[in-house]
Number of protein chains: 4
Amino acid sequence: MTERKRVIIDTDTAGDDTFAILTALHFFNVEGVMITGGNVQFDQQVENALYTIQVAGMSGKVPVYKGYESPIMGLGESQHVTVQDVHGRDGMGDSFFENAIQFPEDGHAVDFLIKTVHENPGEINILAIAPLTNIAMAIKKDPTIVSKIPHIYIMGGTNNALGNITPTAEYNFYVDPEAAKIVLHSGIPITMVGWEMCTQYSIMDDHDHEEIEALGTKGAKFFKDVNKVVMKFNKTIHKLNGTTHPDTLLVAIAANEEIMTKSNVYHVDVETVGELTRGYSLVDINDRLGRTKNVRVCEEVNREAFKQALIGVLGSIK
Amino acid sequence: MTERKRVIIDTDTAGDDTFAILTALHFFNVEGVMITGGNVQFDQQVENALYTIQVAGMSGKVPVYKGYESPIMGLGESQHVTVQDVHGRDGMGDSFFENAIQFPEDGHAVDFLIKTVHENPGEINILAIAPLTNIAMAIKKDPTIVSKIPHIYIMGGTNNALGNITPTAEYNFYVDPEAAKIVLHSGIPITMVGWEMCTQYSIMDDHDHEEIEALGTKGAKFFKDVNKVVMKFNKTIHKLNGTTHPDTLLVAIAANEEIMTKSNVYHVDVETVGELTRGYSLVDINDRLGRTKNVRVCEEVNREAFKQALIGVLGSIK
Amino acid sequence: MTERKRVIIDTDTAGDDTFAILTALHFFNVEGVMITGGNVQFDQQVENALYTIQVAGMSGKVPVYKGYESPIMGLGESQHVTVQDVHGRDGMGDSFFENAIQFPEDGHAVDFLIKTVHENPGEINILAIAPLTNIAMAIKKDPTIVSKIPHIYIMGGTNNALGNITPTAEYNFYVDPEAAKIVLHSGIPITMVGWEMCTQYSIMDDHDHEEIEALGTKGAKFFKDVNKVVMKFNKTIHKLNGTTHPDTLLVAIAANEEIMTKSNVYHVDVETVGELTRGYSLVDINDRLGRTKNVRVCEEVNREAFKQALIGVLGSIK
Amino acid sequence: MTERKRVIIDTDTAGDDTFAILTALHFFNVEGVMITGGNVQFDQQVENALYTIQVAGMSGKVPVYKGYESPIMGLGESQHVTVQDVHGRDGMGDSFFENAIQFPEDGHAVDFLIKTVHENPGEINILAIAPLTNIAMAIKKDPTIVSKIPHIYIMGGTNNALGNITPTAEYNFYVDPEAAKIVLHSGIPITMVGWEMCTQYSIMDDHDHEEIEALGTKGAKFFKDVNKVVMKFNKTIHKLNGTTHPDTLLVAIAANEEIMTKSNVYHVDVETVGELTRGYSLVDINDRLGRTKNVRVCEEVNREAFKQALIGVLGSIK
Ligand SMILES: [Ca+2]
Ligand SMILES: [Ca+2]
Ligand SMILES: [Ca+2]
Ligand SMILES: [Ca+2]
């Protein structure tokens, strides 16, 4: 049996982040989970991550670290945008699960990341399924980690497509575009799965949900609970008939790159200044700018393979 | 027989603008042609428009007016971008045709537009196939024309898709985003055909070109000549296998809206400030911003109907 | 006797614009007055200019032309800022004078300016005491006027000093920074009198007002009436003990440059993009940027000479 | 004798930073020195700080910590601006002093700051004489330090006056405007000494330098050496006849607030977006914006008292 790859997850745990964590725990050696400000109230996100680890039966085996609670430029009066309307007040479909057994670690997520990377050079991949604040701040605090991180998988941005939080921007890039810019320009090899991949390939419709429910596992039950609120939100706001799984898709691709059936390496950058376009991700498909090709962009997904990966994960949690 | 609709064309005549003018002369009563700064050197554009009218056998029957030579914010040191590489040095595929018989009129295009609109309230539609400088400046000079213009058909922008002059922007909006903003916010009813419609539906490949050449008409010969340079450019830069006809598509749709098989009315705006996104057109498909729905956006084209319209025009010019 | 210089005034007539017009009528051959959107409601400004000409006993001798009612980028929802609080609802200290005898001319101010300049190349100076919309639009419409205008005197901007409409911007530059940019980069020789010159040298305090009132002339009476509201405003908002006369100072300097006791030619530009600094005027005193020195900036004024000029004007209107 | 106040210095040690450190060592209990990217090459700055402590005869008694080497948004291709032309290649007037005995500490400056503040709540003032990267990053990493820092003294920005690195911006704010914004909005009480205070009150001319040299101390010799390059720079670039001492002035004021003979509390913010004005500090003297008054701004200095403080420091170093 081949050795499992080692990863650190950076997450604003709510909704699909939970299934992404379950998927990562299933396929990877997860060295730790870092929480960053994003979807819902920060401490709730910490709790959600801890509870998700518990659902996977791994409480106490995967440390959870608190990171930055707000984006780099999230000043007093312009705090970052949370999206309780999407994921429920608890970010878990208003399930209000019992408290997790495990507690978060002492120490800052960024210091955990820096230390772990230095102790395991070339070993630790990053699964980034949240605003990129923690990762950017780690790079700024210790730029020498850059050459020791083999790969960052990023769920974020769009590839010349409609955004989700504004018409021009995807949520993770929008919340902290300065962080996204720092990470994109860092020199670390990056794979990006944009929002349009999620709307095209990750949607689970009513039929899919029935199929998953039929698994009858604890994992399937958890999936049903957490998706309660987002299912309604997607129908009314995004005109999508089902739940989207951007973070899970990202992790599934990281675990098995064959799920990504087409990709290309392009120059990718993010707008920080625009009046209408803050957080917009430029993907220079035709290389008009002639700048460094810094990101492998996912352009096509084997939807069935992804779905089977998800079913495999949820079915195995009993 | 129904009466022909009356239009004024605003064009930076080079390449596809010429076929668009021929198409407009075929289907509309063209009250006049306004030239705006754009594709190639200004006076060359004026000459190209006059020569195109001559090709249609209408010299002296359609007045041509000179308008703004550079975009609103085109200052001394940051003159607007011309694209001789796309269309040839003369904007006509390096054909260097003989001089036109007709001369441009005295008086400024903007004053011609204002006067014509006031004399024919509710009668004059605008076909905008260039940067929107002239039209914006007319609106600013005399805002009372707004209620007297029934419709502007605009070739410009993109609908959540890749740009052509930069990764984020289509040429006409990029050259004068301030003008685009003024026109989009004017309150005049607008139909917009974005660049992605052109790459999806307007491309004429080698087979199509052979079919057109086989017409054996003067129009077909002119089509072949003018397309010489752009054919090569598209293959190398835009990875497109053929010539694109954004301006002709726009005019064909204005002439016969059934060519546009799908459209919706959305809020559309343009970025003027962005570092990477100047000229980007925001199209708020899911109405996330809740702002005024000001533009009918073309979303699907009957390609065959468009091609037949073009063939009809070129075939009739003998 | 030397011949009087010929000028066109561009004004948003309210408050101090009126004394500036009186001063110009006193010292220059005024070829015409152009009205631009600014201080108060547009038609009120037109009326104020006509009435001011009447106060000078020159009704019918100086044509008044309507120009742009709003700044270049003044769109529907972001109309330009008027300042009725400063000058009274009528812009005349809530004096609500009787209607003027004279009417505005037909035709647009910009066309009047272009025509007059071409008919009198090198002869017509411009006194710009309002947002620069009209002048910028004339330059854009016909760039060939640039070489035929000997000088523009501009009241606007600040020279590394506090603004008046925002902390960073002076009103005329703030209202239409795009226009200011076009004019500053036009190549026309410019003299700029910034707001800080006005607060340092143009203030008329209670004692000065008594002195002027003692003239007992119609001009003195008019001065008292128009200043009623601004006197209060300055004390509470600008912490200034008296009335300011930026526009009059500008015209007085144009009439007699010896009133300007110190000036230097610097590179001057205007910020159009800033989040906090839109309309800020950069004056590169130490030539750090090494860019074209395009503006002679007034740096010191003989206050007594200015005051005597003003008294001379008001005393002569009987 | 009253107890000495406790401070941490944040510095990009070169030129005047050295005398500021000497001044702080003279008047305060200096808990530590943090180095941030700025004036010259980073490791040279670390060395300069260590050497300066040695000049004061305090080697080994004051820990020096390395902090952020580049500004928050200092990406690969747009590294921050250093100013070797101002201070010499070594930042010490091209003196190329021998190596310092002391070494920098392990651990990051920001962690040192956070730890020290938490261990001594309400005790540790900050003397900020460099770009504000370190301080901003500490606030972002642990926002709970905000309420435990009694005061930050900042040399930076301008109060409606000319900049020094660009016409619109002072160097420390220009290098990292995002950091300045974070600190200004943090809620920590701030005193700001802007660049115009330094040009008005801190200049030491040839006569002053002779007076200092006559002290005959090691401190005086050091002062002479380090000022060699900047003396020439100021004469040619800033048209200043002498050396400027912004950082020393800031520290002298922190040590004895009576040196600051006038100050007021204003709303202060910094432009991050402007095309011409990035790093510009808005000081809202007339409270036009009605926003939180967050900074006490130094408006007048007792120059003689400052000079005597400097002479006292340099004279005491034997
Ligand atoms: Ca997430
Ligand atoms: Ca065109
Ligand atoms: Ca005025
Ligand atoms: Ca410093």
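Given the structure is predicted, the values throughout are model-derived calculations rather than measurements. (Residues numbered from 1 in each chain as written. Chains lettered and ligands numbered in written order. Predicted model: local features only at pLDDT ≥ 70, side-chain atom pairs only at ≥ 80, totals over all residues. Heavy atoms only, no water.)

**Regarding the overall build of chain A**
The helix and strand inventory of chain A stands at 13 helices and 10 strands. Along the longest, intermediate and shortest principal axes, the C-alpha atoms of chain A span 50 × 50 × 40 Å. The buried share among the 318 residues of chain A stands at 67%. The long-range share in chain A, meaning contacts at least 24 apart out of those at least 6 apart in sequence, stands at 81%. For chain A, the exposed surface amounts to about 11,000 Å²; the carbon and sulfur share of it is 49%. Mean positive and mean negative side-chain charge positions of chain A (27 and 42 charges, respectively) differ by 2 Å. (Helix = DSSP H or I, 4+ residues; strand = E, 2+ residues; numbered from the N terminus. Buried < 20%, exposed > 50% of the residue type's maximum accessible area, 1.4 Å probe, protein only. Contact = heavy atoms within 4.5 Å. Areas by Shrake-Rupley, 256 points an atom, 1.4 Å probe, with all protein chains shown as cover. Lys, Arg positive; Asp, Glu negative; His and termini not counted. Charge placed at Lys NZ, Arg CZ, Asp CG, Glu CD.)

**Quick notes on the coordination of the calcium ion (ligand 3)**
All names here are of chain C. Taken together, the protein donors to the calcium ion (ligand 3) comprise Asp12 (OD), Asp17 (OD), Asp17 (OD), Ile129 (O) and Asp247 (OD), at separations of 2.2 to 2.5 Å. Going along the chain, you hit the donors of the calcium ion (ligand 3) in the pattern D-x4-D-x111-I-x117-D. You can see Asp17 sitting in helix 1 (residues 16-27) and its partner Ile129 sitting in strand 4 (residues 124-129), a full 112 residues away along the chain. With relative accessibility at 2%, the residue Asp17 sits in the buried group. (Donors = N, O, S within 2.8 Å, 3.2 Å for Na, K, Ca; no water.)

**Thoughts on the sheet that holds strand 3 (residues 64-66) of chain C**
Residues and elements named next belong to chain C. Taken in spatial order, the 8 strands line up as 3-2-1-4-5-6-10-7 in an open sheet, and their pairing is mixed. Both edges of this open sheet fall to strand 3 and strand 7 (260-266), since each of them pairs with a single strand only. Between one strand axis and the next, the sheet turns by 25 degrees as a mean value, whatever way the strands run. Bridge analysis of strand 2 (residues 29-35) against strand 3 gives 3 bridges, and the strand direction is parallel. (Pairing = 2+ DSSP bridges. Axes fitted to C-alpha atoms, helices over the stretch in contact; angles between N-to-C directions.)

**Brief notes about the interface of chain A and chain B**
Listed by partner, the interface residues are 30 residues for chain A and 30 residues for chain B. Here chain A meets chain B over a buried area of about 2,500 Å², counting both sides, of which 59% is carbon and sulfur. At the junction of chain A and chain B, the tally comes to 0 salt bridges. Remark: the boundary between chain A and chain B carries 9 residue pairs in polar contact (both at pLDDT 80 or more). For the side of chain A that touches chain B, the elements supplying multiple residues, two or more each, are helix 11 (228-238), strand 8 (268-270) and strand 9 (281-283) of chain A. Its residues assigned to classes, the side of chain A that touches chain B comprises 14 nonpolar, 8 polar and 8 charged. (Buried area = accessible area lost by both parts, 1.4 Å probe. Salt bridge = Lys/Arg side-chain N within 4 Å of Asp/Glu carboxyl O. Polar contact = N/O pair within 3.5 Å; in protein donor to acceptor, adjacent residues only side chain to side chain. Nonpolar A, V, L, I, M, F, W, Y, C, P; charged D, E, K, R; others polar.)

**Some thoughts on the interface of chain C and chain B**
With 18 residues of chain C at the interface, the matching set in chain B holds 18 residues. In this structure, the connection of chain C to chain B is made through 2 salt bridges. Two residues, Asp111 of chain B and Lys141 of chain C, come together in a salt bridge whose shortest N-O distance is 2.4 Å. Contributions of two or more residues to the side of chain C that touches chain B are made by helix 5 (133-141) and helix 7 (177-184) of chain C.

**Some points on the environment of Ile149 of chain D**
Residue and element names in this part refer to chain D. For Ile149, the location among the structural elements is in the loop between helix 5 (133-141) and strand 5 (152-155). By relative accessible area, which is 3% here, Ile149 ends up buried. Put simply, Ile149 and Thr168 are 19 residues apart on the chain and 30 Å apart in space, counted from C-alpha to C-alpha. Residue contacts for Ile149: discarding those within four places in its chain leaves Val117, Ile124, Ile126, Ile188 and Pro189.

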